[in-house]
Amino acid sequence: MSETNLVVILLIVANVLFSLKGFKEYSFFERYKFNIAGIQRGEQIRMLSSGFLHADSMHLFFNMFTLYFFGPVVIIYVGILKFLIIYIASLLVGNIFSFVFHKNEPHYSAIGASGAVSGIIFSAILFRPDMSLYLMLIPIPIPAYIFGIGYLLYTIYGMKNRRDNIGHDAHFGGAVGGYLVTLIMAPWLFEQNLLMIGILAIPIVILFILQRLGKL
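Residues numbered from 1 in each chain as written. Predicted model: local features only at pLDDT ≥ 70, side-chain atom pairs only at ≥ 80, totals over all residues. Heavy atoms only, no water.

### Considerations on helix α11 (residues 194-212)
And step 1. Taking 1.5 Å per residue as the helical rise, α11 with its 19 residues ought to reach 27 Å, and the 26 Å between its terminal C-alpha atoms agrees with that figure.
And step 2. When the local axis directions of α11 are compared, the greatest deviation, roughly 30 degrees, occurs at Ile 202, which is followed within four positions by the proline Pro 203.
And step 3. Every buried residue of α11 is accounted for by Met 196, Ile 197, Leu 200, Ala 201, Pro 203, Ile 204 and Leu 207.
And step 4. Looking one or two residues past α11, Gly 214 carries a phi angle of roughly 75 degrees, positive in sign. (Helix = DSSP H or I, 4+ residues; strand = E, 2+ residues; numbered from the N terminus. Expected span 1.5 Å × (residues − 1). Bend = angle between axes of the 7 residues up to and from the residue. Buried < 20%, exposed > 50% of the residue type's maximum accessible area, 1.4 Å probe, protein only.)

Below, the structure is given as structure tokens:
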């Protein structure tokens, strides 16, 4: 097994072990999940630990399955240390978004690595915008940048309507975190993929405009 794959596997194992403990121990799950009231009491560890908890085995599987395929792409371009920084930064930025959007909802809770994984997806798209993705129920390949734009626009829609139990704000925040930290880590992308950087920034600008206008 290559060093690249080993790091991703170890990260997956950490998520699996932490999540399994959360499945079995309600008190552990409650202590480490993202919760507005808990964070406001000073329990900042929740901002990190919640990213290693999952609601159920399917939630865990889809996040880890996605990480397994996109993680190595990022490592190839920036190395292991910077990959881990992007992962953790995306997780934290995703939870910061959740905190900002729900700070007046003390009972709001969330869990999952989706914010971190979203950041890794968008980091991979910046490095390989020419990638093609295959999604369930869609038999044709989708260009990575089209997926990225559509993902963020759908997330904005979900944040605006709030009709499901998905933490859209954490997903969006994680994607933004991965996008920004990747550009900081790899500024040469501005020379090679400037157009793509601008295209992926469009949904981010839309989000902040809607936020300033009070539409979210």
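### Details of the packing of aromatic side chains
And step 1. Applying the stated rule across the entire model yields 15 aromatic pairs.
And step 2. Feature note: the residues Phe 61, Phe 62, Phe 65, Tyr 68 and Phe 69 constitute an aromatic cluster, connected by ring pairs.
And step 3. The ring of Phe 28 has Lys 21 lying over it, and the distance from NZ or CZ to the ring centre is 5.2 Å. (Phe/Tyr/Trp six-rings, centres within 6.5 Å; stacked < 30°, edge-to-face > 60°. Lys NZ or Arg CZ within 6 Å of the ring centre and 35° of its normal.)

### Observations concerning the environment of Leu 92
And step 1. Locating Leu 92 in the fold gives a position in helix α6 (residues 80-102).
And step 2. Separated by 23 residues in sequence, Leu 92 and Gly 115 place their C-alpha atoms 8.0 Å apart.
And step 3. Setting aside residues no more than four positions away along its own chain, Leu 92 makes contact with Met 47 and Leu 48. (Contact = heavy atoms within 4.5 Å.)

### Notes on the pattern of salt bridges
And step 1. The final tally for this structure, using the stated rule, is five salt bridges.
And step 2. Measuring nitrogen to oxygen at the nearest pair gives 2.7 Å for the salt bridge that ties Glu 25 to Lys 21.
And step 3. Arg 41 is the salt-bridge partner of Glu 43, the closest N and O atoms lying 3.3 Å from each other.
And step 4. Overall, the relative accessible area of 57% leaves Arg 41 in the exposed class. (Salt bridge = Lys/Arg side-chain N within 4 Å of Asp/Glu carboxyl O.)

### Observations concerning the side chain of Ser 49
And step 1. Looking at the secondary structure, you find Ser 49 in helix α4 (residues 46-49).
And step 2. In this structure the side chain of Ser 49 is engaged in a polar contact, spanning 2.7 Å, whose partner is the backbone oxygen of Tyr 32. (Polar contact = N/O pair within 3.5 Å; in protein donor to acceptor, adjacent residues only side chain to side chain.)

### Remarks on the nonpolar core
And step 1. Core analysis: the biggest nonpolar cluster contains 53 residues, and Leu 67, Phe 83 and Tyr 87 have the highest contact counts within it.
And step 2. When residues of this core are traced back to their parent elements, those giving at least two are α1 (3-24), α5 (57-78), α6, α7 (114-127), α8 (144-161), α9 (168-185) and α11.
And step 3. Take this core: its biggest share by element is nine residues, from α7.
And step 4. If we skip the residues at most four places from it in the chain, Leu 67 touches Val 8, Leu 11, Ile 12, Pro 72, Phe 83, Tyr 87, Val 117 and Ile 120. (Core = buried A, V, L, I, M, F, W, Y, C linked by side-chain atoms within 4.5 Å.)

### A look at the packing of α6 against α7
When two helices pack together, you describe them by how their axes are tilted relative to each other and by the distance separating the axes.
And step 1. Following both chains from N to C, one finds α6 and α7 inclined at 130 degrees, their axes separated by 7 Å at the closest point. By the angle class used here, α6 and α7 are oblique. Here α6 runs over α7; the crossing is right-handed. Contacts between α6 and α7 involve Phe 83, Ile 86, Tyr 87, Ser 90 and Leu 91 from the former and Gly 115, Ala 116, Gly 119, Ile 120 and Ser 123 from the latter.
And step 2. Split by residue class, the contact of α6 with α7 holds six nonpolar, four polar and no charged. (Axes fitted to C-alpha atoms, helices over the stretch in contact; angles between N-to-C directions. Parallel < 35°, antiparallel > 145°, perpendicular 65-115°, else oblique. Left-handed = near helix turned anticlockwise from the far one by under 90°. Nonpolar A, V, L, I, M, F, W, Y, C, P; charged D, E, K, R; others polar.)

All quantities given are derived from atomic positions and should not be read as evidence of function.
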